[in-house]
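Summary of structural features
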Amino acid sequence: MSGDSDCTRTSPSLGSPSDNEFLPDRPKYVCSLSPDLITKAREELQEKPEWRLRDVQALRDMVCKDYPSLGTCLDDAFLLRFLRARKFDYDRALQLLVNYHTCRRTWPEVFNNLKPSAIKPVLESGFVTVLPRLDPEGRHVVCIRPDRWTPSNYPITENIRAIYLTLEKLIQSEETQVNGIVILADYKGVSLSKASHFGPFVAKKVIGILQDGFPIRIKAVNIINEPRIFKGIFAIIKPFLKEKIANRFFLHGCDLNSLHQNIPPVILPEEYGGTSGKLDISAWNELLLASEEDFLHDFSQLVLPCDSSPHDMLVSGDADEKQCDDSLRGMKPQLYYCY
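Reading the values: rules and limits
Residues numbered from 1 in each chain as written. Predicted model: local features only at pLDDT ≥ 70, side-chain atom pairs only at ≥ 80, totals over all residues. Heavy atoms only, no water. Pairing = 2+ DSSP bridges. Helix = DSSP H or I, 4+ residues; strand = E, 2+ residues; numbered from the N terminus. Axes fitted to C-alpha atoms, helices over the stretch in contact; angles between N-to-C directions. Contact = heavy atoms within 4.5 Å. Buried < 20%, exposed > 50% of the residue type's maximum accessible area, 1.4 Å probe, protein only. Arc of directions from axis to C-beta. Phe/Tyr/Trp six-rings, centres within 6.5 Å; stacked < 30°, edge-to-face > 60°. Lys NZ or Arg CZ within 6 Å of the ring centre and 35° of its normal. 1 Å grid on protein atoms, 1.4 Å probe; cavity = no way out; pocket = protein on both sides within 12 Å on 5 of 7 lines; lining within 4 Å. Points joined across faces, edges and corners; volume = space filled by probe spheres on them. Nonpolar A, V, L, I, M, F, W, Y, C, P; charged D, E, K, R; others polar. Salt bridge = Lys/Arg side-chain N within 4 Å of Asp/Glu carboxyl O. pLDDT = per-residue confidence, 0-100. Core = buried A, V, L, I, M, F, W, Y, C linked by side-chain atoms within 4.5 Å. Domains from an automatic or database assignment.

Named according to an unreviewed UniProt entry, the protein is TTPAL protein originating from Hemiprocne comata.

1. Brief notes about the sheet that holds strand E1 (residues 128–130)
Taken in spatial order, the five strands of this open sheet run E1-E2-E3-E4-E5, and their pairing is mixed. Of all the strands in the sheet, the pair left with one neighbour each is E1 and strand E5 (249–251). When the angles between neighbouring strand axes are averaged without regard to direction, this sheet yields 20°. Relative to strand E3 (residues 181–186), strand E2 (residues 140–144) is paired through five bridges, and the arrangement is parallel. Paired with His 140 across the strands is Ile 181, a residue of E3. Running over the sheet, helix H8 (residues 156–170) touches E1, E2 and E3 and is turned about 15° from E1.

2. Some points on the pairing of E3
In terms of burial, E3 is largely enclosed, as six of its six residues are buried. As paired strands, E3 and strand E4 (residues 218–224) are joined by six bridges and run parallel to one another. Counterpart to Val 182 in the pairing with E4 is Ala 220.

3. What to know about helix H16 (residues 292–300)
What H16 keeps buried is the set Glu 292, Phe 295, Asp 298 and Phe 299. All buried residues of H16 project into a common sector of 135° when viewed along the axis, lining one side. On its buried face, H16 sits against helix H5 (90–105), H8 and helix H15 (282–289).

4. Some remarks on the pairing of E4
The side chains of a regular strand alternate, residue by residue, between the two faces of the sheet. Counted residue by residue, E4 has six buried out of seven residues, so it is predominantly covered. As judged from the three bridges shared by E4 and E5, these two strands associate in the parallel manner. Bridged to Ile 223 within E5 is Leu 251.

5. Observations regarding the packing of aromatic side chains
Following the criterion strictly, the structure yields eight aromatic pairs and no others. The structure contains a cluster of three or more aromatic residues connected by ring pairs, namely Phe 78, Phe 82, Tyr 100, Phe 111, Tyr 164 and Phe 214. Over the ring of Trp 51 we find Arg 54, and its NZ or CZ is 4.5 Å from the ring centre. Geometry around Phe 299 places Arg 104 over its ring, the cationic atom sitting 4.4 Å from the centre.

6. Structural notes on empty space enclosed by the protein
With the rule as written, the count across this model stands at one cavity of 30 Å³ or more. By volume, the largest cavity amounts to about 890 Å³. Lining the largest cavity are 35 residues, with Ile 163, Tyr 187, Phe 198, Val 206 and Leu 210 sitting closest to its centre. Those elements that provide at least two residues to the lining of the largest cavity are E2, H8, E3, helix H10 (192–195), helix H11 (200–212), E4 and helix H12 (228–237). Here the lining of the largest cavity is built from residues that sort into 32 nonpolar, two polar and one charged.

7. Concerning the pattern of salt bridges
With the rule as written, the count across this model stands at 12 salt bridges. A salt bridge links Arg 139 to Asp 135; the shortest N-O distance between them is 2.7 Å. With respect to burial, Arg 139 and Asp 135 carry one shared label: buried. Each of Glu 47, Arg 52, Arg 84 and Glu 174 takes part in a single network of salt bridges with overlapping partners.

8. Quick notes on the confidence of the model for the protein
Residues at a pLDDT of 70 or more form 81% of the protein, whose mean pLDDT is 85. Long-range and interchain partners of residues 8–23, a stretch whose pLDDT sits below 50, account for 19 contacts in this model, where long-range means more than four residues apart. Confidence drops under pLDDT 50 across residues 310–329; counting only partners more than four residues distant or on other chains, this segment forms 34 contacts.

9. Observations concerning the nonpolar core
Within the largest apolar cluster, 74 residues are counted, with the highest numbers of intra-cluster contacts made by Phe 78, Val 142, Ile 181 and Phe 214. Lining this core are residues from two domains, each supplying at least three of them: domain 1 (35–106) and domain 2 (112–292). Counting residues in hydrophobic clusters, the runner-up holds 13 residues, among them Leu 131, Leu 259, Ile 263 and Ile 267.

10. Points about unusual backbone geometry
A positive phi is found at Lys 87, a non-glycine position, where the angle reads about 50°. With phi around 65°, Phe 88 is a residue other than glycine that occupies positive phi space. With respect to the helices and strands, the residue Phe 88 is situated in the loop between helix H4 (76–85) and H5.

Structure, rendered in structure tokens:
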């Protein structure tokens, strides 16, 4: 994710050779997708290889016209993530890009000093990791284990930072941009006191990021070992999930056979009835920590210009903010009831 973020240096879209002489130096995009994934992207994402760079330039022009102070990276590869996440709908891709930056700039507890070394305790706890093998659809499986978190050690925002950096690393892959990801969340041992840390403010922010503020396709969320309390949490959150996302949640309880219908045992660790050995978090931790310099370089380009404010940018769903707050405010009494 490198490149110039100054819109004033961007020339008109795909103009004459004389126009292109003034284009800023950006890394030339080279597609790394296999022929099969190119076909999949065409069928599922409306991505046409022959129009790809034209589409990227169209989005770049929209950013420079409508949000000249956004302070975003304008590289082909970076903008392509947002087009793929919104099936090459220019307007929706632009809104996603604006939301991406707004989320980052309105939650400093999560996004200030965001780098792998800063969340090393979370990684070492095993709260979040990525399974080493892909599922049959070519998707990475992100494994989240809330029971590994001790609230007295660090706040819940540290967990969110670790998940966010994990997603940022995964989305660098074009294969992930096309195939999406699968989430496996193990809620074994999650108590009422621990669940209470996931309050209205945090819930709204996380939902906003995952649904409308990050360019990744979440294809399935598998919940296992969930206590009764989780059903109360999910019942409250579900109205604020888009129907497509809500339908991708699968609650398996303690039924490993049910889980295996969604994620085959061959890629699962022994802890979840799989055949791929013990769950090893070291490989993913090492990969993420080794990416420190890349993250520092990439994030250094996402800087809010001094003459701009996060409130200058539109975030999808703000009109429903009060309704969301009012509804989520009743979470704690309902949690006690479910518990």
